[in-house]
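# Coordinate analysis (summary)
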Amino acid sequence: MAYDYAPFPYTAPPGLAAPEPRHPVAIVGAGPIGLAMAIDLAQHGIASVVLDDNNVVSVGSRAICWAKRTLEIFDRLGVADRMMQKGVTWKIGRQFHGRDEVFAFDLLPEDGHRFPAFINLQQYYVEEYLVDRARAFPDLIDLRFLNKVTAHEDHNDHARLTVETPDGPYTLEADYLIACDGAGSPTRTRMGLDFTGQTFQEQFLIADIEMADSPFGDHATPERWFWFDPPFHPGKSALLHMQPDNIYRIDLQLDVDADGRAEATEEKVLPRIRAIVGDKPFRLDWMSVYKFRCIKLDRFVHGRVIFVGDSAHVVSPFGARGGNGGIQDIDNLGWKLAAVLQGQAPAALIESYHEERSFGSAENILNSARATNFMTPKTPVEALFRAEVLRLAHDHPFARRLLNSGRLSQPCSLAGMALQTPPEDPAPMTPGRAVADAPLTGPEGDTWLVRVLPAGFVLLGVGAVALPAIDGLARVGIAQTGDHPCFDDPGGFARARYGDGWAYLIRPDGHVCAAFRAPTEAAVRRALSRTRGNDLPEATA
Amino acid sequence: MTTASHDNLSPHQDDFYDALMAAHTGLSETQSHALNARLVLLMANEIGDLAKLTALMRMARDYDDV
């Protein structure tokens, strides 16, 4: 059954009648990134107004693959349970050459994690759940649909926005403007910021089909299947994913010189799908023809304007690094912006969002550009090497690992960056990494490490290590006792992942920022101060 | 079919492949073939062991070329 695109209600904003008090944050764009940004800020106690030119969720499935780290972040935002309930859980990717399977990879080969490697869930469901969740903060999140931002000015200590509504224009002011307005960001365009990078000439067709029988055939387990040169689409590549509601994502490489408009018609698409599914009945739910681009902004922070998600960086989709990268952006920015607005950190802390996430997006672009290069050889010699890698892959393990149909999104490590304190001894969990999950047992029964970390900074102790008490800093113990909340580690997963006798300072976004063998109050306070940006050079803007 | 038992490229296989493609960037097909020949000779010298090298040649030859 097709998704019911119910419009969100429009209400006339107060700014039409009288000037509004300055907002702490204006978020442009109510896609998954803008909505998640608003919820994260609300959970830190920061109010925002979210402005979107539209009044429905994403049309078409668009982003469908949500990675483990993203699910952990969505859990903190309060939507992961619904996503897990609806989504299709998977972790196996299979790669085929012609008819033969040549290599399968397991994206989460170890036990002891609350969330799976991936779920597939259409973007429209994610947006629906995020809108529902945002409405749980009526005093902190002001959702304004059919509010199109048409102009903005940076006034050094605030931004001023002009907004068009069905009832006419109005203006509003905000301490910070967060541009979550997507790959074609009008905010970025208005500022004339350079957004050029690598554009790939090949065109790809995305088609979502609904069918009762699975195109995966006998395999009951949902997986990611990728073909090089499949019998049903000779000489090109193809990708198959399962989504909820019996919807399947088919992604087909087209000719370089294909007519994109003609390709996105039922006349052209239906025979291509029949070549895959045979005579099984199906319904075409959505289709789109696109080219890949790999581009990022030089700077994500421009005075009072901050770029987040696709407005800051776009990648080719093989690797699920677009939506997942954007969610890591909001996770990184939320606590920093809140700390600055609440006077707990210098404005320079916002610059560290650029340092950390620009690095993360460069990593995503590198991986997705390489996958795209492998999929679409540009010269005869590239095609020759690709063909021989595929042949060798049938027999040789090393060649299987050279096959690149997308290296799937992994949490970005922020090791070595300014906010992290390098440990004196090499720590099992290097500062900069996102926390590793582990099954725990507590006073209320079985739980997970990612679920017991309270909001804000946390000092985590694993095994034989004493945690100093510091005002305003939560402590959590695993496999130890103390006057702070403590959990058992029945399977030994936490001790294996964090080491027995180590303490870690964990940021509000779940990244480790310091590791200690024997933490003193002074050492923890120094690390905390560093992570709050107090050692950073003064912001110049 | 003999199998190359070790995967010595992982986890840096993508860096290697990217560097190999970059080495060919801008070359004509003839120049690329010459580059490949030089590379094979240089790599053979690195491996050194004649038994290994002949085994590798057989392994590569063991595919039907159309």
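Starting from 1, residues in each chain are numbered consecutively following that chain's sequence as written. Following the order in which they are written, the chains are lettered starting with A and the ligands numbered starting with 1. Only residues with pLDDT of 70 or above have their local features reported here, since the model is predicted, and side-chain atom pairs are shown and tallied only from 80 upward, although totals for entire chains, interfaces and linings are computed over all residues. With hydrogens and water set aside, each side-chain value is computed from the structure's full complement of heavy atoms.

## Describing the pattern of salt bridges
Residue and element names in this part refer to chain A. Just to be clear on terms, a salt bridge is a Lys or Arg side-chain nitrogen sitting within 4 Å of an Asp or Glu carboxyl oxygen. On inspection of all chains with the given rule, the structure shows 38 salt bridges over all chains. When the shortest N-O distance is used, the salt bridge between Lys336 and Glu356 registers 2.8 Å. Placement of Lys336 in helix α8 (residues 323-341) and of Glu356 in helix α9 (residues 348-375) is noted, with a sequence separation of 20 residues between them. The pair formed by Lys336 and Glu356 is uniform in burial state, with each residue classed as buried. One salt bridge connects Arg475 with Asp483, and the closest N-O pair in it is separated by 3.0 Å. We count a stretch as a helix when DSSP gives it H or I for four or more residues in a row; a strand needs E for two or more, and each element gets its number in order from the N terminus. Burial status follows relative accessibility: with a 1.4 Å probe on protein chains alone, a residue under 20% of its type maximum counts as buried, one over 50% as exposed, and anything between as partly exposed.

## Section: the nonpolar core
Residues grouped as a nonpolar core are buried Ala, Val, Leu, Ile, Met, Phe, Trp, Tyr and Cys residues, joined through side-chain atoms within 4.5 Å. Counting 120 residues, the largest nonpolar core has Phe74(A), Met83(A), Leu161(A) and Ile178(A) as the members making the most contacts within it. When residues of this core are assigned to domains, at least three fall in each of domain 1 (14-85 + 121-192 + 294-368) and domain 2 (439-531) of chain A. Between two residues, a contact is recorded if the distance between any of their heavy atoms is within 4.5 Å. If sequence neighbours within four positions are ignored, Ile178(A) has contacts with Val25(A), Ala26(A), Ile27(A), Val28(A), Met37(A), Leu41(A), Ile306(A), Val308(A), Leu333(A) and Leu337(A). Counting residues in each nonpolar core, the second largest holds 38 residues, with Ala67(A), Val389(A), Leu408(A) and Leu20(B) among its members. Annotation comment: domain bounds sourced from an automatic or database domain assignment.

## Digging into the sheet that holds strand β26 (residues 512-516) of chain A
Residues and elements named next belong to chain A. The pairing criterion is simple: DSSP has to find at least two bridges between the two strands. Taken together, the five strands give an open sheet; going across it, the order is β24-β23-β22-β25-β26, and neighbouring strands pair in mixed fashion. Edge positions in the open sheet fall to β24 (486-487) and β26, since each of these has one partner strand only. Bridge count for strand β23 (residues 474-478) against β24 is two bridges, and the pairing is parallel. Following the sheet pairing, Gly477 is matched in β24 by Cys486. For every element, the axis is a line fit to its C-alpha atoms; helices are fit only across the contacting stretch, and the angle between N-to-C directions ranges from 0 to 180 degrees. Helix-sheet contacts for helix α14 (residues 521-531) involve β22 (458-462), β25 (502-506) and β26, and the interaxial angle to β26 is about 165°.

## Some thoughts on the sheet that holds strand β13 (residues 224-228) of chain A
Residue and element names in this part refer to chain A. Taken in spatial order, the eight strands of this open sheet run β6-β5-β13-β14-β15-β12-β16-β19, and their pairing is mixed. Either end of the sheet is taken by a strand with one partner, and the two such strands are β6 (100-106) and β19 (313-314). As paired strands, strand β5 (residues 92-97) and β13 are joined by five bridges and run parallel to one another. When the bridges of β13 are listed, Arg94 appears paired with Trp225.

## Here we look at the interface of chain A and chain B
If you look at the interface, chain A gives 19 residues, while chain B gives 25 residues. Each of two parts loses accessible area, computed with a 1.4 Å probe, when they are put together; buried area is these two losses added. Across the interface of chain A and chain B, roughly 2,000 Å² is buried in total on both sides, 59% from carbon and sulfur atoms. Among the residues chain A hides against chain B, the three largest losses belong to Arg370(A), Phe385(A) and Arg391(A). Together they make up 29% of the total. Taken together, chain A and chain B are joined by four salt bridges. Between Asp18(B) and Arg370(A) there is a salt bridge, with the nearest N and O atoms lying 3.4 Å from each other. Counting only elements with at least two residues in the side of chain A that touches chain B, the list comes to α9, α10 (380-393) and α11 (397-402) of chain A. Considering every element that reaches the side of chain A that touches chain B, the biggest residue donor is α10(A), with nine residues. Along the lines of polarity and charge, the residues of the side of chain A that touches chain B split into 10 nonpolar, two polar and seven charged. Residues were grouped as follows: Ala, Val, Leu, Ile, Met, Phe, Trp, Tyr, Cys and Pro as nonpolar; Asp, Glu, Lys and Arg as charged; and all remaining residues, including Gly, as polar.

## Some points on the side chain of Lys68(A)
Residues and elements named next belong to chain A. If you trace the backbone, Lys68 turns up in helix α2 (residues 68-77). There is a polar contact of 3.2 Å between the side chain of Lys68 and the side chain of His113. What Lys68 contacts, discounting residues up to four positions off in sequence, is Leu108, His113, Phe115, Pro116, Ala117 and Asp437. Throughout this description, a polar contact denotes any pair of N or O atoms lying within 3.5 Å of each other; where both atoms belong to protein, one of them has to be capable of donating a hydrogen while the other can accept it, and for residues adjacent in sequence the pair is counted only when both atoms sit in side chains.

## Digging into the environment of Asp279(A)
You can see Asp279(A) is positioned in the loop between α7 (266-277) and β16 (283-296). Sequence separation of Asp279(A) and Ala362(A) is 83 residues, and the distance between their C-alpha atoms is 44 Å.

## Thoughts on the domain arrangement of chain A
All names here are of chain A. We note that the domain assignment places domain 1 (14-85 + 121-192 + 294-368) and domain 2 (439-531) within chain A. For domain 1 versus domain 2, the distance between C-alpha centres works out to 30 Å. Opposite the 12 residues of domain 1 that make contact, domain 2 presents nine residues. At the boundary of domain 1 with domain 2, total buried surface from both sides reaches about 820 Å², with 43% on carbon and sulfur atoms. Looking at the side of domain 1 facing domain 2, the largest losses of area belong to Arg69, Asp75 and Trp335, adding up to 52% of the total buried there. The tally of links between domain 1 and domain 2 comes to three salt bridges.

## Concerning the packing of helix α1 (residues 32-43) of chain A against α8(A)
Residue and element names in this part refer to chain A. Axis separation between α1 and α8 bottoms out at 9 Å; the angle between their running directions is 30°. With respect to α8, the axis of α1 lies roughly parallel. In this structure, α1 crosses over α8, and the sense of that crossing is right-handed. Taken together, the residues of α8 that come into contact with α1 (itself represented by Pro32, Ile33, Ala36, Met37, Asp40 and Leu41) are Gly323, Gly326, Ile327, Ile330, Asp331, Leu333, Gly334, Trp335, Leu337 and Ala338. Taken together, the residues of the contact of α1 with α8 sort by class into 11 nonpolar, three polar and two charged. An angle counts as roughly parallel when it lies under 35 degrees, as roughly antiparallel when it exceeds 145, as roughly perpendicular when it falls between 65 and 115, and as oblique in every other case. Working rule for handedness: look at the near helix, and if it is turned counterclockwise from the far one by less than a right angle, call the crossing left-handed; if clockwise, right-handed.

## Focus on the side chain of Arg475(A)
Residues and elements named next belong to chain A. Along the chain, Arg475 turns up in strand β23. At 2.9 Å, the side chain of Arg475 and the backbone oxygen of Leu467 are in polar contact. Side-chain polar atoms of Arg475 contact the side chain of Asp483, separated by 3.0 Å. Not counting residues within four places of it along the chain, the set of residues in contact with Arg475 comprises Leu459, Leu467, Pro468, Ala469, Asp483, His484 and Pro485.

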